[in-house]
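These are the residues of each chain, in order.
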Amino acid sequence: MAAAVGSIASVVSAVLEVGKCLAAPIGQFKYLYNYNNNLKSLETEVMRLKKTRDEVQGKVDAAEINGEEIKQSVKEWQTKVNNTITEAERLIEEKEENRRCFKGLRPNCINSYKHSKKASKLMVDHIGPLLQQEERFDEVSYSSIQQSNYETNFDKIRDDVLKLKNARLKVGRKVEEAEIKGEEIEADVKKWLQDVDSIIAKAEELIENQSSIGTDHKIRYQNSKAASELMVDHIGPLLQQEERFDEVSYSTTLLSNYETNFDKLRDEVLKLKNARLKVERKVEDAKIKGEEIEEDVKKWLEDVDSIIAKAEELIENQSSIGTDHKIRYQNSKAASELMVDHIGPLLQQEERFDEVSYSTTLLSNYETNFDKLRDDVLKLKNARLKVERKVEEAKNNVEEIEEDVKKWLEDVDSIIVKAQELIENQSSIGTDRKTRYQNSKAASELMVDHIGPLLQQEKSDRNFGCKKSSNRNCR
Ligand SMILES: *[C@@H]1O[C@H](CO)[C@@H](O)[C@H](O)[C@H]1NC(C)=O
Ligand SMILES: *[C@@H]1O[C@H](CO)[C@@H](O)[C@H](O)[C@H]1NC(C)=O
Ligand SMILES: *[C@@H]1O[C@H](CO)[C@@H](O)[C@H](O)[C@H]1NC(C)=O
Ligand SMILES: *[C@@H]1O[C@H](CO)[C@@H](O)[C@H](O)[C@H]1NC(C)=O
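A. Spatial organisation of the overall build of the protein chain. Secondary structure summary: the protein chain contains 16 helices and two strands in total. Here the protein chain holds 475 residues, and 20% of them are scored as buried. Residue pairs at least 24 apart in sequence account for 84% of intrachain contacts in the protein chain once pairs closer than 6 positions are excluded.

Structure follows, in structure tokens:
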């Protein structure tokens, strides 16, 4: 366009030159030169306009082949361009006739000036603006994409409407089933059904309108766009939403099992109360014996009390909740959770309690246990004496002492020290049941794990030494 503006500017300056022809007599050749120059510019501009017209015509032809609607502004531009070209060509033709006037006796300056002025006006007022207007054309027709996809778009929307109707049918059936069961329908399912109905109505109106819109490209374009928007903004999201519906109603199982659920809860509460009774009796017994109650038993009893209170409140509330399905659902869920998360684990825990207190046997046998330990220590000391004598004999016979005999003597010494420490401690531990339990247990373990085996080892038939000089295998 810069080139076109430049040429218009040069045309204007040519007009000024022509003006001089009137102001002062100018040499015939000079005037003729300006006039020729002006008309030459017009010829150039007309060529440029024709080229642009042909380019636009090419776009228009292509758009028409695609069945697209040509913009009104483009059509008007084409008519104006044709008119302007016709006028310009007439001026250029007249130039040939004017040439004869210069051939005559005297040049017709005024006639040539008028002619030159017309050419200038045509370029400034018409050709320039027409070329500028053409540059602003984005498209000569309404959107190629929407138009060319027009049929495809409507086939797709018909498909989508079918899909949406099937989805609605599916959801509708679930809702009916749920309603028959007296279940509460979820709010978002209700909303989805309303939205689907309204979108199907819109889509069907659009499809119906399509059959009657004929060939008007602007309306075709608008309908195609509306169809596309309906699919992208509404039908797609609604179909996706349907896929995410797990349940259309408050849990079928929980609601239909409502009565069963509460019967079960009542049963479970009874079981828990029985278990509590059993544990409480054991605890009583243990306390009478002065036994220490285990920490986890104390905690279990507290938990059981609180859960039984909760369950009984729930059972009590049940009688007054009436038929409101949402509240029934919530209570049924609460009952279910109470059983699964609390009552079940508490009943299981109770089964794993071996003892509710520090071992009854160990504590009640406390004194007996220590009497036994004192006995065992004596026995062990006697055994040690016997073995030491045999070792002495062996040494006198210059025999090598067996390694396991040496080890036995060392073990016996260390166990006797430990046992005597325990016996000594016993006199000072007083009545603290936990400490008594721990000491009694330590005494028991010492006897079972160490003293018993050591006494047994001593009794077994064995050699205590072997002669260094003899060839006896000293192991
Ligand atoms: C303009 O002129 C061209 C060439 O004569 C012709 O093909 C075209 O149809 C005309 N257009 C209009 C809008 O008159
Ligand atoms: C269908 O056509 C009628 C009449 O032209 C119009 O009022 C209505 O808005 C159109 N419906 C749609 C969805 O385009
Ligand atoms: C029982 O009902 C009362 C009153 O509606 C309520 O405050 C309470 O939370 C309910 N208890 C349970 C365990 O649901
Ligand atoms: C004996 O009592 C002392 C002091 O309370 C303690 O450190 C030690 O471990 C006890 N010995 C045994 C074998 O229990």
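B. Summary view of the nonpolar core. Membership of the largest hydrophobic core comes to 13 residues, with the highest contact counts inside it found for Leu-42, Leu-49, Ala-119, Leu-122, Met-123, Ile-127 and Leu-130. Those elements that place two or more of their residues in this core are helix 2 (28–65), helix 3 (72–103) and helix 4 (109–136). The contacts of Leu-49, once residues within four sequence positions are left out, are Val-81, Thr-84, Ile-85, Ile-127, Leu-130 and Leu-131. Counting residues in each nonpolar core, the second largest holds 10 residues, with Val-269, Ile-307, Ala-335 and Met-339 among its members.

C. How the structure looks around the packing of helix 14 (residues 366–396) against helix 15 (residues 403–426). The interhelical angle for the contact between helix 14 and helix 15, taken along N-to-C directions, is 155 degrees, at an axis separation of 10 Å. Taken together, helix 14 and helix 15 sit at an angle that is classed as roughly antiparallel. Considering the relative orientation of helix 14 and helix 15, their crossing is left-handed. Where helix 14 abuts helix 15, its residues Phe-370, Leu-373, Arg-374, Val-377, Leu-380, Lys-381, Arg-384, Val-387 and Val-391 lie against Val-405, Trp-408, Leu-409, Val-412, Ile-415, Ile-416, Ala-419, Gln-420, Leu-422, Ile-423 and Gln-426. Each residue belonging to the contact of helix 14 with helix 15 can be placed in one class, and the counts come to 15 nonpolar, two polar and three charged.

D. Looking closely at the confidence of the model for the protein chain. Across the protein chain, the average pLDDT comes to 79, with 78% of residues at 70 or higher. Here helix 1 (residues 2–23) stands out as the element of the protein chain with the lowest mean pLDDT, 43, in contrast to helix 15, whose mean of 93 is the highest. Segment residues 1–31 is flagged for pLDDT under 50; beyond a separation of four residues in sequence, or across chains, it makes 44 contacts in the model. Note on residues 467–475: pLDDT is under 50 here. Beyond four places in sequence and across chains, it has 10 contacts.

E. Spatial organisation of the site of ligand 3. Lining the immediate environment of ligand 3, one finds Lys-310, Glu-313, Leu-314, Asn-317 and Ala-334. Tallied by class, residues from the shell around ligand 3 come to two nonpolar, one polar and two charged.

F. Seen up close, helix 10 (residues 258–288). Between its first and last C-alpha atoms helix 10 spans 45 Å; for 31 residues at 1.5 Å apiece the expected length is 45 Å, and the two agree. Among all positions in helix 10, only Asn-261, Leu-265, Glu-268, Val-269, Leu-272, Ala-275 and Ala-286 are buried.

G. Main features of helix 11 (residues 295–318). Here helix 11 spans 35 Å end to end across 24 residues, near enough to the 34 Å set by a 1.5 Å rise per residue. Those residues of helix 11 that fall on the buried side of the exposure criterion are Val-304, Ile-307, Ala-311 and Gln-318.

H. Representation of unusual backbone geometry. Positioned with a positive phi, Val-398 is a non-glycine residue whose angle comes to about 55 degrees. Tracing the sequence through the fold places Val-398 in the loop between helix 14 and strand 1 (399–401). Using a count of 10 C-beta atoms within 10 Å as the deciding quantity, one classes Val-398 as exposed.

I. Representation of the environment of Tyr-258 within the structure. Structurally, Tyr-258 is set in helix 10. When the C-alpha atoms of Tyr-258 and Lys-333 are compared, they prove to be 8.8 Å apart, with 75 residues separating the residues in sequence. When neighbours within four sequence positions are excluded, Tyr-258 is seen to be in contact with Arg-328 and Ser-332.

J. Representation of the packing of helix 14 against helix 16 (residues 433–459). Viewed as axis vectors pointing N to C, helix 14 and helix 16 meet at an angle of 30 degrees, and their least axial separation amounts to 9 Å. Our classification of the angle between helix 14 and helix 16 gives roughly parallel. The way helix 14 lies across helix 16 gives a crossing that is left-handed. Within the contact between the two elements, helix 14 uses Tyr-366, Asn-369, Phe-370, Lys-372, Leu-373, Asp-376, Lys-379, Leu-380, Ala-383 and Val-387 and helix 16 uses Arg-436, Ser-440, Ala-443, Ser-444, Leu-446, Met-447, Ile-451, Leu-454, Leu-455 and Glu-458. Classifying every residue of the contact of helix 14 with helix 16 gives 12 nonpolar, three polar and five charged.

Definitions and cut-offs
Residues numbered from 1 in each chain as written. Chains lettered and ligands numbered in written order. Predicted model: local features only at pLDDT ≥ 70, side-chain atom pairs only at ≥ 80, totals over all residues. Helix = DSSP H or I, 4+ residues; strand = E, 2+ residues; numbered from the N terminus. Buried ≥ 20, exposed ≤ 12 C-beta atoms within 10 Å, placed from the backbone. Contact = placed C-beta atoms within 7 Å. Core = buried A, V, L, I, M, F, W, Y, C linked by C-beta atoms within 7 Å. Axes fitted to C-alpha atoms, helices over the stretch in contact; angles between N-to-C directions. Parallel < 35°, antiparallel > 145°, perpendicular 65-115°, else oblique. Left-handed = near helix turned anticlockwise from the far one by under 90°. Nonpolar A, V, L, I, M, F, W, Y, C, P; charged D, E, K, R; others polar. pLDDT = per-residue confidence, 0-100. Near = placed C-beta within 6 Å. Expected span 1.5 Å × (residues − 1).

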